[in-house]
Amino acid sequence: MARNGLPTATTRTTGSAGGGVGASAPRPDGRLKVTGEFAYSSDLWHEDMLWGRTLRSPVAHAEILALDTTRALAVPGVHAVLTHEDLPTAVRHYGLEIPDTPVLARDRVRHHGEPLALVAADHPETARRTADLIEIVHRELPLVTDESSALAPDAPLLHPGRTDPHAAHVPHPNVVHRQPVRRGDVAAARRRADVIVRGEYVFGMQDQAFLGPESGLAVPAEDGGVDLHVATQWLHADRRQIAPVLGLPEELVRMTLAGVGGAFGGREDLSMQIHASLLALRTGRPVKMVYDRAESFFGHVHRHPARLRYEHGATREGRLTHVSARIVLDGGAYASSSPAVVGNAASLAVGPYVVDHVDVEALALYTNNPPCGAMRGFGAVQACFAYEAQMDRLAAELGLHPVELRRRNAMSEGSTLPTGQRVDSPAPVAELLRRVRERPLPPARQWETSEGVDVRQLPGGPSNSTHGEGVVRGVGYAVGFKNVGYSEGFDDHSTARVRLEATGGEPVATVHTAMAEVGQGGVTVHTQIARTELGVSRVILAPADTRVGSAGSTSASRQTYVTGGAVRNACALVRERVLELGRRRFGAAEPAWLSEELLLADGKVVTAGGEVLAGLGDVLGGEAVEVERAWRHRPTEPFDPHTGQGNGHVQYAFAAHRAVVEVDTELGLVKVVELACAQDVGKAVNPLSVTGQVQGGTAQGLGIAVMEEIVVDPATARVRNPSFTDYLIPTLLDTPPIPVDLLELADPHAPYGLRGAGEAPTLSSTPAIVAAIRDATGLALRRVPVRPEHIAPG
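This structure is a prediction, so every number in the text was calculated from the model and none was measured.

Caption draft 1: Looking closely at the pattern of salt bridges. Across all of its chains, the model carries 50 salt bridges by this definition. Ionic pairing is found between D491 and R632, a salt bridge with its closest N-O pair at 2.7 Å. Taken together, the residues D491 in the loop between β20 (471-484) and β21 (493-503) and R632 in strand β27 (residues 625-632) connect sequence positions 141 residues apart. In this structure D491 comes out as partly exposed when scored by relative accessible area, which is 42%. Linking E626 and R499 is a salt bridge whose minimum nitrogen-to-oxygen distance equals 3.1 Å. A residue pair is termed long-range when its members are at least 10 positions apart, and E626 in strand β27 and R499 in strand β21 qualify at 127 residues. The class of E626 is partly exposed, set by a relative accessible area of 38%. Owing to a relative accessible area of 30%, R499 belongs among the partly exposed residues under this scheme. Salt bridges linked by common partners bring E147, R178, E200, R307, R309, R326 and E361 together as one network.

Written as structure tokens, this is what we have:
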């Protein structure tokens with residue numbers, strides 16, 4: 001057996017079928033999505049369906065005294081109105097890690113937009129108007145909105161009597177989770193430092209801003225169960241939370257993935273799944289729910305806003321002596337995945353640098369702000385913004401180029417992290433920085449043309465804000481690293497079912513997993529793996545559903561690694577059975593069949609020397625070979641709750657950026673001219689897809705750097721901008737050229753040596769842009785997003 005329990009024969013497959021591992025195979029859904037023909041979850045339809053609608057709280061923290069549904073029930077066309085009193089079981093809460101989120105609020109609401117009641121009607125407009133007729137009688141309660149109000153001795157307790165496993169390690173009931181990381185002697189190292197810089201940084205609340213709103217269709221079944229078609233990131237985790245609320249065994253909650261219009265972490269938690277199912281089972285009719293854009297802002301979690309306080313020390317030679325940090329994440333009203341986000345923020349808080357003396361504390365708080373949870377980068381993004389700003393400040397104090405300071409402290413293979421874990425695969429931090437630094441800079445003053453000023457190339461763009469007056473260029477660098485896969489002892493695994501048969505004499509492989517395709521490219525990668533491992537050209541990808549074992553979540557940059565590993569493993573077992581079948585049929589007559597070096601290539605069985613023994617269709621002889629197996633990467637372990645020590649992560653991904661910006665210092669406008677990235681992906685299974693992932697993650701980092709933020713009124717904890725009119729995301733005009741330099745330094749512990757690639761570029765793009773703005777303006781800029789008033793406060 002080879003690494004990860006894969007049969008050694010896997011490494012001897014020729015992979016000569018077209019579109020295998022390493023090829024830029026086109027997406028099968030690409031043309032449909034570009035032309036508008038792709039069916040998303042919001043396009044689902046059933047001729048007998050009703051429309052569901054959710055009534056949401058207009059206030060952030062209140063006691064619910066009464067919900068009067070009398071007027072709503074009298075509306076013609078209304079088939080059901082449900083409140084917490086109508087829930088069918090005693091299980092009335094759900095949650096990814098901690099079941100603290102009410103299906104429908106009972107006696108208290110804890111955030112603006114919390115679900116209160118449900119309506120099913122025969123027309124979506126009827127459902128909307130009916131929900132507005134439900135009368136809410138409430139008494140507002142004091143708000144918890146920040147660190148001081150959450151941790152005050154007399155603070156209102158948002159979840160009194162907590163019994164979750166994290167409660168034993170928190171200093172206050174309003175702390176969701178706390179994780180320290182301590183190594184060495186920071187006090188002694190502080191005394192030895194020649195230079196010390198301290199800073200406090202603020203990271204705003206970012207939305208995933210996926211274009212496809214939360215939507216799905218629940219269909220009641222004759223056996224008393226429900227068939228749920230929904231856009232999600234993890235079918236089996238959804239089912240695990242849904243079934244107890246409905247009072248059904250899991251096998252009667254059948255889930256099928258519908259077309260997903262983006263996710264980025266925002267679909268890890270439930271949204272309309274339970275609500276649609278409740279309405280369908282109550283009415284006996286299929287129920288469709290589709291959120292409008294405003295409701296979508298309340299229907300999913302967001303990226304945790306954060307306040308980060310850092311101290312870095314260094315010698316005159318530019319060697320880091322110590323880092324201390326306190327990272328406070330606003331988790332909002334419910335836990336979601338905050339404990340895991342805290343673990344990431346704490347364990348990755350120092351960045352990809354060698355530091356012997358570390359004292360870090362990370363915690364997430366319960367507040368009355370919107371719930372926060374998973375988003376691309378998952379705790380590491382906030383930390384990267386702060387530690388990279390600190391590295392720039394240290395470089396300035398020491399008179400070193402920002403890249404040189406980073407190079408002198410860069411981790412490499414064999415380095416030990418602050419958690420005590422040894423990096424046992426390539427960690428090319430210095431090389432990534434070298435590559436982005438040595439890339440030629442884009443030409444200056446590109447707005448000046450032979451025909452005059454091209455305002456499209458200036459800050460403010462086509463708005464004609466400036467003709468180049470007061471525009472200054474800046475250049476900034478940053479590097480970050482992110483864990484891949486689930487950590488801290490989580491049983492991170494995936495399951496794949498692979499079937500090989502002959503149709504019309506042609507071998508055909510079918511790959512069936514529960515992987516949620518949310519745009520990451522699994523629909524190409526998993527077929528590429530099957531082509532490589534089985535040597536066949538025709539591969540069918542079965543729809544993702546719960547008829548096969550769990551694939552885990554499409555998050556944490558894990559699907560190519562873990563579900564790809566499961567597909568590879570299942571294919572290897574299928575191949576072994578095919579070869580054994582051939583040996584039984586042809587071995588006596590053809591001694592070459594008895595060799596252990598046989599390969600599958602181009603639909604044939606061949607020897608290592610290339611001799612063709614038989615076609616796969618002849619070997620199968622009308623039979624089908626099918627294997628379903630779960631696959632796990634090597635285990636991790638929980639971090640010590642007091643010291644943070646432990647082998648908590650399975651793999652790391654590294655990326656570096658160089659940002660070039662032009663800033664109108666009078667108007668406070670920023671144009672990102674170029675955002676170059678270098679990233680190690682281990683093995684580019686699909687180079688075109690990987691490049692797209694890097695560019696997409698980079699663009700999301702640009703968004704939080706200069707424009708994206710959910711604005712919550714501090715006086716009321718109400719969201720002020722739940723729309724794409726007021727919540728700004730980068731458009732094509734805002735997104736600069738993003739040249740990508742891919743390194744392929746194989747991780748020996750991973751399938752094909754690959755690394756998860758989707759999240760790492762989101763880390764370093766943000767601090768690189770802000771560093772470039774600082775370079776242009778000379779301003780400290782310790783908050784993102786950077787707004788015009790931060791640059792030109794006058």
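Caption draft 2: Representation of helix α6 (residues 235-246) within the structure. In this model α6 runs 16 Å from its N-terminal to its C-terminal C-alpha over 12 residues, within 8% of the 16 Å that 1.5 Å per residue would give. Within α6, 10 of the 12 residues are buried, which leaves it mostly tucked inside the rest of the structure. Residues of α6 that are buried include every one of L235, H236, A237, D238, R239, Q241, I242, A243, V245 and L246, and no others. Buried residues belonging to α6 abut β4 (93-94), β12 (226-230), β13 (253-257) and α7 (273-283).

Caption draft 3: Examining the sheet that holds strand β28 (residues 651-664) more closely. With mixed pairing, 4 strands are arranged side by side in an open sheet as β20-β28-β29-β30. Each end of this open sheet is capped by a strand with a single partner; those strands are β20 and β30 (740-743). Neighbouring strand axes in the sheet, compared pairwise and without regard to direction, differ in orientation by 20 degrees on average. Where strand β29 (residues 669-680) meets β30, 4 bridges bridge the pair, whose relative direction is parallel. Considered in β30, the bridge of Q679 is made with L742.

Caption draft 4: Up close: the packing of α6 against α7. Contact geometry of α6 with α7 gives a least axis separation of 10 Å together with a crossing angle of 40 degrees. Classified by the angle their axes make, α6 and α7 are oblique. The handedness of the crossing between α6 and α7 is right-handed. For the pair α6 and α7, the contacting residues are D238, Q241, I242, V245 and L246 in the first and Q273, I274, S277, L278 and L281 in the second.

Caption draft 5: A look at the side chain of S337. Examined against the element boundaries, S337 turns out to sit in the loop between β16 (320-332) and α9 (338-347). Apart from the residues lying within four places of it in its own chain, the contact partners of S337 are L96, E97, G373, A374 and F378.

Caption draft 6: Here's a closer look at the packing of helix α13 (residues 522-534) against helix α14 (residues 559-586). For the pair α13 and α14, the least separation of the axes is 9 Å and the interaxial angle reads 30 degrees. On the basis of their axis angle, the class for α13 and α14 is roughly parallel. Taken as a pair, α13 and α14 cross one another with a handedness that is right-handed. In contact with V525, H526, I529, A530, E533 and L534 of α13, α14 contributes Q559, T560, T563, G564, V567, R568, C571, V574 and R575. A per-class count over the contact of α13 with α14 returns 7 nonpolar, 5 polar and 3 charged.

Caption draft 7: Up close: the pairing of strand β11 (residues 215-220). Judged by how many residues are buried, β11 sits mostly within the fold: 5 of 6 residues are covered. One ladder, built from 4 bridges, connects β11 with strand β14 (residues 287-290); its direction is antiparallel. By the bridge assignment for β14, A218 is matched with V287. Following β11, the chain reverses through 5 residues before pairing antiparallel with β12; G224 in that reversal takes a positive phi of roughly 90 degrees.

Caption draft 8: Structural view of the environment of V612. Mapping V612 onto the fold places it in strand β26 (residues 612-615). With 291 residues separating them in the primary sequence, V612 and T321 have C-alpha atoms 63 Å apart. Sequence-distant contacts of V612, defined by excluding residues within four places in its chain, comprise K604, V605 and V606.

Caption draft 9: Here's a closer look at the packing of aromatic side chains. This structure, assessed with the given rule, holds 14 aromatic pairs. Judged by centre distance (6.3 Å) and plane angle (90 degrees), the rings of Y353 and Y387 are edge-to-face. Highlighted residues: Y353 in the loop between α9 and β17 (358-366) and Y387 in helix α10 (residues 380-398), separated in sequence by 34 residues. Each of the two residues, Y353 as well as Y387, counts as buried. Cluster of aromatic residues (ring-pair linked, three or more members): Y201, F203 and F385. Taking the ring centre of F210 as reference, the NZ or CZ of R267 above it sits at 4.0 Å. Positioned above the aromatic ring of Y752 is the side chain of R568, whose terminal nitrogen or guanidinium carbon lies 4.6 Å from the ring centre.

Caption draft 10: How the structure looks around the sheet that holds strand β25 (residues 604-606). Spatially, the 3 strands line up as an open sheet ordered β24-β25-β26, and their pairing is antiparallel. The open sheet has two edge strands with one neighbour each: β24 (599-601) and β26. Direction aside, the axes of adjacent strands within the sheet are offset by 30 degrees on average.

Caption draft 11: Layout of helix α16 (residues 687-706). When the terminal C-alpha atoms of α16 are compared, their 29 Å separation across 20 residues agrees well with the 28 Å that a helix rising 1.5 Å per residue should span. Burial analysis of α16 places 14 of its 20 residues in the buried class, the great majority of the element.

Caption draft 12: Representation of the nonpolar core in the model. Ranked by internal contacts, the top residues of the largest apolar core, which has 95 residues, are Y310, I327, I769 and I773. Sorting elements by how many residues they give to this core places α10 first, with 12 residues. Beyond its immediate stretch of four places on either side in the chain, Y310 contacts V197, R198, G199, V323, S324, A325, I327, A349, A383, A386, Y387 and Q390.

Each value, and the rule that gives it
- Residues numbered from 1 in each chain as written.
- Predicted model: local features only at pLDDT ≥ 70, side-chain atom pairs only at ≥ 80, totals over all residues.
- Heavy atoms only, no water.
- Salt bridge = Lys/Arg side-chain N within 4 Å of Asp/Glu carboxyl O.
- Helix = DSSP H or I, 4+ residues; strand = E, 2+ residues; numbered from the N terminus.
- Buried < 20%, exposed > 50% of the residue type's maximum accessible area, 1.4 Å probe, protein only.
- Expected span 1.5 Å × (residues − 1).
- Contact = heavy atoms within 4.5 Å.
- Pairing = 2+ DSSP bridges.
- Axes fitted to C-alpha atoms, helices over the stretch in contact; angles between N-to-C directions.
- Parallel < 35°, antiparallel > 145°, perpendicular 65-115°, else oblique.
- Left-handed = near helix turned anticlockwise from the far one by under 90°.
- Nonpolar A, V, L, I, M, F, W, Y, C, P; charged D, E, K, R; others polar.
- Phe/Tyr/Trp six-rings, centres within 6.5 Å; stacked < 30°, edge-to-face > 60°.
- Lys NZ or Arg CZ within 6 Å of the ring centre and 35° of its normal.
- Core = buried A, V, L, I, M, F, W, Y, C linked by side-chain atoms within 4.5 Å.

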